[in-house]
Amino acid sequence: MLRLATNESPYGPFPAALEAIADAVATIQRYPEPDTALVARLAERHGLAPEQIALGNGGDAVIGYLTAALTGPGDEILTAWPSFPTYVGDAEKSGATPVLTPLRPDGAVDLDALRGAITPSTRLVWVCTPNNPTGASVGREELAAFLDAVPEDVLVVVDEAYCDYITDPGYPDAIAEHVGRRPNVAVLRTFSKIYGLAGLRVGYMVGPAEVVREVMKIRNAFDVSELAHVAALASLDDAEELARRRDVNERGRIALEATFAQLGMQPFPACANFLCVDVGDGRALAGSLMREGVIVRPLDPFGAPECIRVTVGTPEENAVLTDVLARTLQPR
Ligand SMILES: *Cc1c(COP(=O)(O)O)cnc(C)c1O
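None of these values were measured; they are calculated from a predicted model.

Participant: Would you explain helix H6 (residues 140–149) in this entry?
Facilitator: Think of an α-helix as turning once every 3.6 residues; residues three or four places apart then point the same way. Of the positions making up H6, those classed as buried are Leu143, Phe146 and Leu147. Viewed end-on, H6 has its buried residues packed into an arc of 95 degrees, placing them on one side of the element. For H6, exposure combined with an orientation more than 90 degrees from the buried face picks out Glu141 and Asp148. The inward-facing, buried residues of H6 abut helix H5 (111–116), strand S5 (122–128), strand S6 (155–159), helix H7 (174–177) and strand S7 (185–190).

Participant: Please clarify how the site of the ligand should be interpreted in this entry.
Facilitator: Close to the ligand lie 13 residues; Gly59, Asp159, Thr190, Ser192 and Lys193 are nearest. Between aspartate 159 and the ligand, the recorded distance is 2.6 Å, taken from a side-chain N or O atom to a nitrogen atom. Between arginine 201 and the ligand, the recorded distance is 2.7 Å, taken from a side-chain N or O atom to an oxygen atom. Burial of the ligand by the protein chains amounts to 94% of its free accessible area of 380 Å². For the shell around the ligand, a count of residues per class yields four nonpolar, five polar and four charged.

Participant: Hey, could you run me through the nonpolar core in this one?
Facilitator: Considering soluble globular proteins, one finds that nonpolar side chains tend to be buried as a cluster. Grouped together as the largest cluster of nonpolar side chains are 56 residues, with contacts concentrated most on Phe146 and Phe191. The greatest single-element share of this core, amounting to six residues, is contributed by helix H9 (residues 226–235). Counting contributing residues, this core receives three or more from each of domain 1 (2–9 + 239–328) and domain 2 (15–235). Beyond its immediate sequence surroundings of up to four residues, phenylalanine 146 is in contact with Leu111, Leu114, Arg115, Val125, Val127 and Val156.

Participant: Looking at this model, I keep getting lost on the domain arrangement of the protein. Mind explaining?
Facilitator: Quite often, the size of an interface is put as the accessible area lost when its parts meet. Here the domain parsing of the protein yields domain 1 (2–9 + 239–328) and domain 2 (15–235). Centre-to-centre separation of domain 1 and domain 2, based on C-alpha positions: 24 Å. Contact residues are listed per partner, giving 24 residues for domain 1 and 27 residues for domain 2. Here domain 1 packs against domain 2, burying approximately 2,100 Å² in sum over the two surfaces, 64% of which is carbon and sulfur. If you sort the residues of domain 1 by the area they bury against domain 2, Arg246, Cys271 and Phe302 come out on top, with a joint share of 30%. Linking domain 1 with domain 2 are zero salt bridges. Across the domain 1-domain 2 interface, the total number found is nine residue pairs in polar contact (both at pLDDT 80 or more). Of all the elements, helix H10 (residues 239–262) adds the most residues to the side of domain 1 that touches domain 2, at six residues. For the side of domain 1 that touches domain 2, the residue count by class is 12 nonpolar, six polar and six charged.

Participant: Looking at this structure, how should I read the pattern of salt bridges?
Facilitator: Oppositely charged side chains can form a pair if their charged atoms are brought close together. Going through the model one piece at a time under the given rule, you end up with 19 salt bridges. Between arginine 189 and glutamate 160 there is a salt bridge, with the nearest N and O atoms lying 2.7 Å from each other. Note that arginine 189 is positioned in strand S7 and glutamate 160 in the loop between S6 and H7, a separation of 29 residues in sequence. Owing to a relative accessible area of 10%, arginine 189 belongs among the buried residues under this scheme. Taking the shortest distance from any N to any O, the salt bridge between arginine 245 and glutamate 241 comes out at 2.8 Å. Of this pair, arginine 245 and glutamate 241 both sit in helix H10, four residues apart, roughly one helical turn. According to the relative accessible area criterion, glutamate 241 is buried, its value standing at 12%.

Participant: Just checking my understanding: could you explain unusual backbone geometry for this structure?
Facilitator: For residues other than glycine, phi is negative in most cases, and the peptide bonds are mostly trans. With omega at 0 degrees, the peptide bond leading from tryptophan 81 into proline 82 counts as cis. Relative to the assigned elements, proline 82 resides in the loop between strand S3 (76–81) and helix H4 (85–93). The residue after threonine 129, namely proline 130, is reached through a cis peptide bond having omega -5 degrees. Positionally, proline 130 belongs in the loop between S5 and H6. Of note, arginine 201 is a non-glycine position whose phi angle comes to about 70 degrees, a positive value. With respect to the helices, strands and loops of the structure, arginine 201 is situated in the loop between S7 and strand S8 (203–206). Non-glycine residue phenylalanine 222 carries a positive phi angle of around 50 degrees. In this structure phenylalanine 222 comes out as partly exposed when scored by relative accessible area, which is 49%.

Quick notes on the rules
- Residues numbered from 1 in each chain as written.
- Predicted model: local features only at pLDDT ≥ 70, side-chain atom pairs only at ≥ 80, totals over all residues.
- Heavy atoms only, no water.
- Buried < 20%, exposed > 50% of the residue type's maximum accessible area, 1.4 Å probe, protein only.
- Helix = DSSP H or I, 4+ residues; strand = E, 2+ residues; numbered from the N terminus.
- Arc of directions from axis to C-beta.
- Contact = heavy atoms within 4.5 Å.
- Near = heavy atom within 4 Å.
- Polar contact = N/O pair within 3.5 Å; in protein donor to acceptor, adjacent residues only side chain to side chain.
- Areas by Shrake-Rupley, 256 points an atom, 1.4 Å probe, with all protein chains shown as cover.
- Nonpolar A, V, L, I, M, F, W, Y, C, P; charged D, E, K, R; others polar.
- Core = buried A, V, L, I, M, F, W, Y, C linked by side-chain atoms within 4.5 Å.
- Domains from an automatic or database assignment.
- Buried area = accessible area lost by both parts, 1.4 Å probe.
- Salt bridge = Lys/Arg side-chain N within 4 Å of Asp/Glu carboxyl O.

Written out as structure tokens, the structure reads:
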């Protein structure tokens, strides 16, 4: 089976991470070391204090901690939609009300719509950029203008799970540009995507120290495994591998866009490692592709039943997908 449904890296972990895991594996009878080394390294990298960083068992877990720490019944959590379903699921788990706003026509988060939906009950606002599942990112100036306009008692969390894939310098780096300068902005990052460590579960947030403290109260003991710690640390040393992956992903995404265009379909503009395409009936096409051995994501759970999301694979995988799509779809 060709798995193009969950936006993982097709290239596996970085070589240095594999080595670090192999070295550490013989001692996993021990509980993990504290987060200190990875937190210190991330703090240095982002020019922030260690008190501004919280690791978690995947970015997904951190979304849950933030939601549980900051919200409860009577509170509103704001997100554009379609976007990452965990924001909504976790809001419901904590008894808060998820409030959904439409995306821009290009699939990026519509910051004006978000801003217009803020009420005195809003506690938390998610800005997923590039947005999963559509793929487009908000621009630098518009993000800054939006953050200027949000009341200071509302926390905005910018989810940058895919930031490492971006090549266009017009898109913001919300850690460098906003965290530390603003009391109400946090950013989420993960090692699951370009770093190829989805199975190990490690992600992190950076933000105001008070928010980090609240998250750490909620978090489970030994939340991040030792193998995840060492693999994440080792991955951060290999800027060349990161750049290589970014580059090959971009070329693959452009080629896949051309494939869909040839089949008469226009994917949403994208800058990460996936494409969102309106195919009429997402579940039907995903089913047909599955019978041909290719798994893609039908987007009905994301609120877009007419679409599928396809992860950019290796050039060989992309060629297989192109073949199967051409066989499955009639040009229209
Ligand atoms: C993948 C992803 C995450 C985090 O994934 P983890 O594997 O839990 O670290 C967060 N947000 C978005 C939008 C994602 O696509």
